[in-house]
Amino acid sequence: MAEKKTKSQELKDKLFYKQQHSTYVLTAAEQKKADKYCEDYKTFLDNGKTEREAAAETVQRAEAAGFELFDKSKKYKAGDKIYYLNRKKAVILAVIGKQPIANGVNITAAHIDSPRLDLKQNPLYEAEELGYFKTHYYGGIKKYQWPALPLSLHGVIVRADGTEITVNIGEDDKDPCFVVTDLLPHLADEQYKRPVGKLITGEELNILIGSRPFKDDECSDAVKLNLMNILFEKYKIVEKDFLSAELECVPALKARDIGFDRSLIGAYGQDDRVCAYTAFTALLDMKGVPARTAVCVLTDKEETGSDGNTGLRSAYLKYFISDLAECFGCSGRDVMSASRCLSADVNAGFDPTFPDVLEKRNCAYMNKGIVVTKFTGARGKSGTSDANAEFVGYVHSLFGKNGIVWQTGELGKVDLGGGGTVAAYIANLNIDTIDVGVPVLSMHAPFEVTAKNDVYMAYKAFSAFYKAE
Ligand code: MN
Ligand code: MN
């Protein structure tokens, strides 16, 4: 027989906020679904290691699910599925809802770019008969994490005649890969005296790409010549073509299960492809026609501050919504002003090895559900859109009604750092916006960690949001 609760216990149960424990166990059937869902998530991660590849993979899957390229001269009706591709690097997907579009649309917005090493425009050189690429890192990386790690090369080269070639080398086990070398510990005494941010400097992130000289005759730069010759044979490019290339080096690692219990996923680029994947698959899998038009934005350039025409400081989302509004005889500003957005981005999960950087009452934990972050920014909330209580209340109620396990989050203790997402740029369009995403360990590292149940919960949360009236 259960012990009778004391009056104070009864009152505590009624009044206190109990943070979730990892024992928000899914039913056996749901756990099976969650694990299966994450298998395809890993495939998506492996197939889309850059914004271009993730955009292409998304479009391919969207087309297979019946989405058609948006044409603003066409008439659309409830249930129609459309997509827009911005310069092969950002995608917007939408399913037209039953309600008049003037009621507003439900938007999720995630980013598909991740920190990496970009090649400089004149990257190729030879030093002491070793061949290298010069790089300029993209996004916020801890530079010391990138040497001594197998790297692959992805991107496009546009030749002088305008023809374009796609590069993807180092992912297949049979491909060669590349590496940034590090100093041996035996000779690192001076290196260890550097401030840790300069343990490896940006100009030391040089990628080793070969060492064999061109054989025909003695000449200077024979290794570089041999490498250029290989690149010419393979891609029909000359050195000058690098000037108009976008080549990105990323970890040549596959997404893997982590732990004896396989409860976690380790992979490169989960910030923010974990939210991109969950947001767009929730839209693709949606049964029936949503009440409001459902929109999923997968953007580029978040990691460098969202500037540029494929980032969300660009007008492309605004133009898309305006064009869509006009298809229904509405003005874009009316639609945007009535719209809601879940800015789908990751937040830091609590790491017991580094407990001092997060404030335990307000940070996110692994396996405790998706994290709703009311504000981001730094130094007195600078740079945040800070969702209003009414919209947080809307999300609180929506998730409650749909059995979504969620927690609140904050990116670090006050004045200890901070960061931002695309939320502010969407909120600036007069759209109610809040950050919702998956907690991550080792964020921005070459191999980031998420929990499968949180990934699945994000999928369920976005599914519920698209259907919301
Ligand atoms: Mn992010
Ligand atoms: Mn990030």
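Nothing here was measured: the structure is a model prediction, and the numbers come from that model.

A. Layout of the coordination of the manganese ion (ligand 1). The manganese ion (ligand 1) binds to the protein through His111 (NE2), Asp271 (OD), Asp345 (OD) and Asp345 (OD); the donor distances cover 2.1 to 2.6 Å. Linear spacing of the donor residues for the manganese ion (ligand 1) on their chain is H-x159-D-x73-D. Between the two metal centres, the manganese ion (ligand 1) and the manganese ion (ligand 2), the spacing is 3.3 Å, with Asp271 acting as a shared donor. Here Asp345 lies in the loop between β15 (340–344) and β16 (347–348) and Asp271 lies in helix α6 (residues 270–284), a separation of 74 residues in the sequence.

B. Here's a closer look at helix α2 (residues 28–47). The end-to-end C-alpha separation of α2 is 29 Å, in line with the 28 Å expected for 20 residues at 1.5 Å each. Buried within α2 are the following residues: Glu30, Ala34, Tyr37, Cys38, Tyr41, Lys42, Phe44 and Leu45. For α2, the angular spread of buried residues about the axis comes to 155°, placing them on one side. The exposed set on the far side of α2, more than 90 degrees from its buried face, consists of Ala28, Ala29, Lys32 and Lys36. For α2, the elements touching its buried residues are α3 (51–64), β12 (256–258), β13 (264–267), α6, β21 (448–451) and α11 (452–467).

C. Region of the structure containing the sheet that holds β21. Ordered by their spatial adjacency, three strands build an open sheet running β12-β13-β21, and the pairing between neighbours is antiparallel. In the strand order of this sheet, the two ends are held by β12 and β21, each with one partner. Geometrically, the sheet is characterised by an average inter-axis angle of 35° between neighbouring strands, direction not taken into account. Contacting β12, β13 and β21, α2 crosses the sheet at an angle of about 5° to β13. Sheet strands in contact with α6 are β13 and β21, and its direction is about 35° off that of β21.

D. Up close: the side chain of Asp241. Position of Asp241 among the secondary structure elements: in the loop between α5 (222–235) and β11 (245–251). No salt bridge forms around the buried Asp241; measuring N to O, its nearest opposite-charge neighbour Arg159 is 5.1 Å away. Here Asp241 is in contact with Ile157, Val158, Arg159, Ala160 and Lys236, once residues within four sequence places are set aside.

E. Inspection of unusual backbone geometry at higher detail. Along the chain, Asp271 connects to Asp272 via a cis peptide bond; the corresponding omega equals 10°. With respect to the element layout, Asp272 can be found in helix α6. Positive phi outside glycine occurs at Arg379, with the angle close to 45°. Summarising the element assignment, Arg379 is placed in the loop between β17 (370–373) and α9 (389–401). On the basis of relative accessibility, which here comes to 66%, the residue Arg379 falls in the exposed class.

Conventions adopted
Residues numbered from 1 in each chain as written. Chains lettered and ligands numbered in written order. Predicted model: local features only at pLDDT ≥ 70, side-chain atom pairs only at ≥ 80, totals over all residues. Heavy atoms only, no water. Donors = N, O, S within 2.8 Å, 3.2 Å for Na, K, Ca; no water. Helix = DSSP H or I, 4+ residues; strand = E, 2+ residues; numbered from the N terminus. Expected span 1.5 Å × (residues − 1). Buried < 20%, exposed > 50% of the residue type's maximum accessible area, 1.4 Å probe, protein only. Arc of directions from axis to C-beta. Contact = heavy atoms within 4.5 Å. Pairing = 2+ DSSP bridges. Axes fitted to C-alpha atoms, helices over the stretch in contact; angles between N-to-C directions. Lys, Arg positive; Asp, Glu negative; His and termini not counted. Salt bridge = Lys/Arg side-chain N within 4 Å of Asp/Glu carboxyl O.

Keep in mind that these numbers describe shape and distance, not what the molecule does.
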